[in-house]
Amino acid sequence: MDLLALADFNLVALHGGVGRAARATGRPKATLSRRIAEMESSLQLRLFERGSGTLKLTQEGMALYERTRSLLTELDETVNSIASGATRPSGLLRISAPLLFCQLAMGKLAANFAAKYPDVQLEVTTEDRPVDMVDEGYDLVIRVNPDTDENLYGRVFLRDRLVVVANPDIIRLSANQPVPAVVRGAGQQVSTWDLITAGGKECLTVNPILHLSSMIMVRDAVRAGAGAGRLPVSLVSQDLDAGRLVCWSEAEGSEIALWALYPSRRLLNARVSAFMDFLKEEFPSGEPEELAAFVGA
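S.K.: So, the overall build of the protein: which residues are in play, and what are the values?
M.R.: A tally of regular secondary structure across the protein gives 10 helices and 11 strands. A globule of 297 residues ought to have a C-alpha radius of gyration of about 19 Å, yet the protein, at 26 Å, is considerably larger. In terms of overall dimensions, the protein has C-alpha extents of about 85 × 40 × 30 Å along its principal axes. Sequence separation of 24 or more characterises 75% of the internal contacts of the protein that already satisfy a separation of 6 or more. Summing over all exposed atoms, the protein offers an accessible surface of approximately 15,700 Å²; the carbon and sulfur share of this is 51%.

S.K.: Can you tell me about the layout of surface pockets, naming the residues and giving the values?
M.R.: The computed volume of the largest pocket comes to approximately 1,100 Å³. Around the largest pocket, the lining is made up of 47 residues, and of these Pro98, Asp128, Arg143, Val144 and Asn145 lie nearest the centre. With 7 residues, the single largest contributor to the lining of the largest pocket is strand β11 (residues 246–263). Broken down by class, the residue content of the lining of the largest pocket amounts to 26 nonpolar, 9 polar and 12 charged.

S.K.: Give a detailed account of helix α1 (residues 3–15), specifying residues and quantitative values.
M.R.: End to end, α1 covers 19 Å across 13 residues, agreeing with the expected 18 Å (1.5 Å per residue, within 8%). In the segment just after α1, Gly16 is the residue with positive phi, at about 80 degrees.

S.K.: Lay out the side chain of Arg219 with the relevant residues and their values.
M.R.: Structurally, the position occupied by Arg219 is in helix α7 (residues 215–223). Taking relative accessible area as the criterion, Arg219 reaches 14% and is therefore assigned buried. When near neighbours in sequence (up to four residues on either side) are disregarded, Arg219 contacts Leu231, Leu235, Val236 and Asp239.

S.K.: A description of the state of the cysteines should follow, citing residues and the corresponding values.
M.R.: Following the criterion strictly, the structure yields 0 disulfides and no others. The closest cysteine sulfur to the non-disulfide-bonded Cys203 is located on Cys247, 17 Å from its own sulfur. With a relative accessible area of 38%, Cys203 lands in the partly exposed category.

S.K.: Describe the packing of helix α8 (residues 233–242) against helix α10 (residues 288–296), listing the residues and the values that go with them.
M.R.: Running from N to C, α8 and α10 cross one another at 65 degrees; their axes reach a closest spacing of 8 Å. In terms of their interaxial angle, α8 and α10 are classed as roughly perpendicular. Seen along the crossing, α8 lies across α10 with a hand that is right-handed. Together, Val233, Ser234, Ser237 and Gln238 of α8 and Pro288, Glu289, Leu291, Ala292, Val295 and Gly296 of α10 make up the contact between the two elements. For the contact of α8 with α10, the residue count by class is 5 nonpolar, 4 polar and 1 charged.

S.K.: Just give me the short version of the environment of Leu261, but keep the residues and values in it.
M.R.: Secondary-structure assignment places Leu261 in strand β11. Through-space distance from the C-alpha of Leu261 to that of Gln59 is 29 Å; in sequence the pair is 202 residues apart. With residues up to four places along the chain from it excluded, the contact list for Leu261 reads Met133, Asp139, Leu140, Val141, Pro146, Leu152, Tyr153 and Gly154.

S.K.: Break down the pattern of salt bridges for me, citing the residues and quoting the values.
M.R.: According to the stated counting rule, one finds 13 salt bridges in the structure shown. Residue Glu289 is joined to Arg161 by a salt bridge in which the shortest nitrogen-to-oxygen separation is 3.5 Å. One end of the pair, Glu289, is in helix α10; the other, Arg161, is in strand β6 (residues 152–166), with 128 residues separating them in the sequence. Residue classification places Glu289 among the partly exposed positions, given a relative accessible area of 39%. Measuring nitrogen to oxygen at the nearest pair gives 2.6 Å for the salt bridge that ties Arg244 to Asp239. Its relative accessible area of 42% is what places Arg244 among the partly exposed residues. Asp239 sits in the buried class, given a relative accessible area of 1%. In the salt-bridge network here, residues are joined through shared partners; they are Arg219, Asp220, Arg223, Asp239 and Arg244.

S.K.: Residues and numbers for the packing of α1 against helix α2 (residues 18–25), please.
M.R.: Between α1 and α2, whose axes approach to 8 Å, the crossing angle comes to 105 degrees. When the axis of α1 is compared with that of α2, the two are roughly perpendicular. Of the residues in α2, those in contact with Leu11, Val12 and His15 of α1 are Val18, Arg20, Ala21, Ala24 and Thr25. For the contact of α1 with α2, a count of residues per class yields 5 nonpolar, 2 polar and 1 charged.

S.K.: Any chance you could break down the nonpolar core for me, citing the residues and the numbers?
M.R.: Counting 50 residues, the largest nonpolar core has Phe101, Met106, Leu109, Phe157 and Phe275 as its most contacted members. Ranked by the residues each element gives to this core, the list is headed by helix α5 (residues 99–116), at 7 residues. Phe275 has contacts with Leu93, Ile95, Met106, Phe113 and Leu140, leaving out every residue within four places of it along the chain. Core analysis: the next-biggest nonpolar cluster, separate from the first, contains 18 residues, Leu6, Phe9, Val18 and Leu55 among them.

Calculation notes
Residues numbered from 1 in each chain as written. Predicted model: local features only at pLDDT ≥ 70, side-chain atom pairs only at ≥ 80, totals over all residues. Heavy atoms only, no water. Helix = DSSP H or I, 4+ residues; strand = E, 2+ residues; numbered from the N terminus. Rg over C-alpha atoms; globule rule 2.2 N^0.38 Å. Contact = heavy atoms within 4.5 Å. Areas by Shrake-Rupley, 256 points an atom, 1.4 Å probe, with all protein chains shown as cover. 1 Å grid on protein atoms, 1.4 Å probe; cavity = no way out; pocket = protein on both sides within 12 Å on 5 of 7 lines; lining within 4 Å. Points joined across faces, edges and corners; volume = space filled by probe spheres on them. Nonpolar A, V, L, I, M, F, W, Y, C, P; charged D, E, K, R; others polar. Expected span 1.5 Å × (residues − 1). Buried < 20%, exposed > 50% of the residue type's maximum accessible area, 1.4 Å probe, protein only. Disulfide = S-S within 2.5 Å. Axes fitted to C-alpha atoms, helices over the stretch in contact; angles between N-to-C directions. Parallel < 35°, antiparallel > 145°, perpendicular 65-115°, else oblique. Left-handed = near helix turned anticlockwise from the far one by under 90°. Salt bridge = Lys/Arg side-chain N within 4 Å of Asp/Glu carboxyl O. Core = buried A, V, L, I, M, F, W, Y, C linked by side-chain atoms within 4.5 Å.

Following this line, the structure appears as structure tokens:
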């Protein structure tokens, strides 16, 4: 597709008509009209509904406009940045991140990033659900153990693992005797936990007495002595050091990887690149103890 024609289409869509776009930009009205006609002919789609002196996007035209306006904006920013020699990121950066990571670290991360890049307007939304980055307008998402997606590109910036912990007053009985447990999620039918011990693998029988929807609630209930819990090292590291909790074992298959992802089909703008580099600076090793130290500090 002709990039100039696509840019003219976006101008007309933005201003709501050929005449308005021509007056706002100084582009010839005839040129804009011709570009739109050529695009519709090439795509064999009607992009605008013509009225008395006004244009309204069709459903297909709206879909094309929503999916291309950010691309053209980023392309324009890139060209302007290269032409001016500017290297400092600026503009809006929209990020989606999971609840626990936001509760633990994102507030401090956002403040540090804003101090380093004052020209970037950072907007962070807490989302545990999968999001459509393009349709919902996110520049970057942080996800835990995400499924493979050929449309996304990124890297792991933090790793964590689950450990089974309990209040020191909770007595660990033999593997066959159930211990009270606090589990995350409503209505989960959990009866055993697979553990990794010095002697090999072990199966611990548990009796879930509390079902809670967030890891922080699970930790607080475990702290209070309600039962044992499976929790990330980064969330309980300080409690273990202080003796408020004791570690029984590492949970089998508990590896957690936090990914920073962005759409590979979009240009990697300076804001996203700066945030990716910033995460590497804040968590150079990417180990769970590093996140725990960041949160504790």
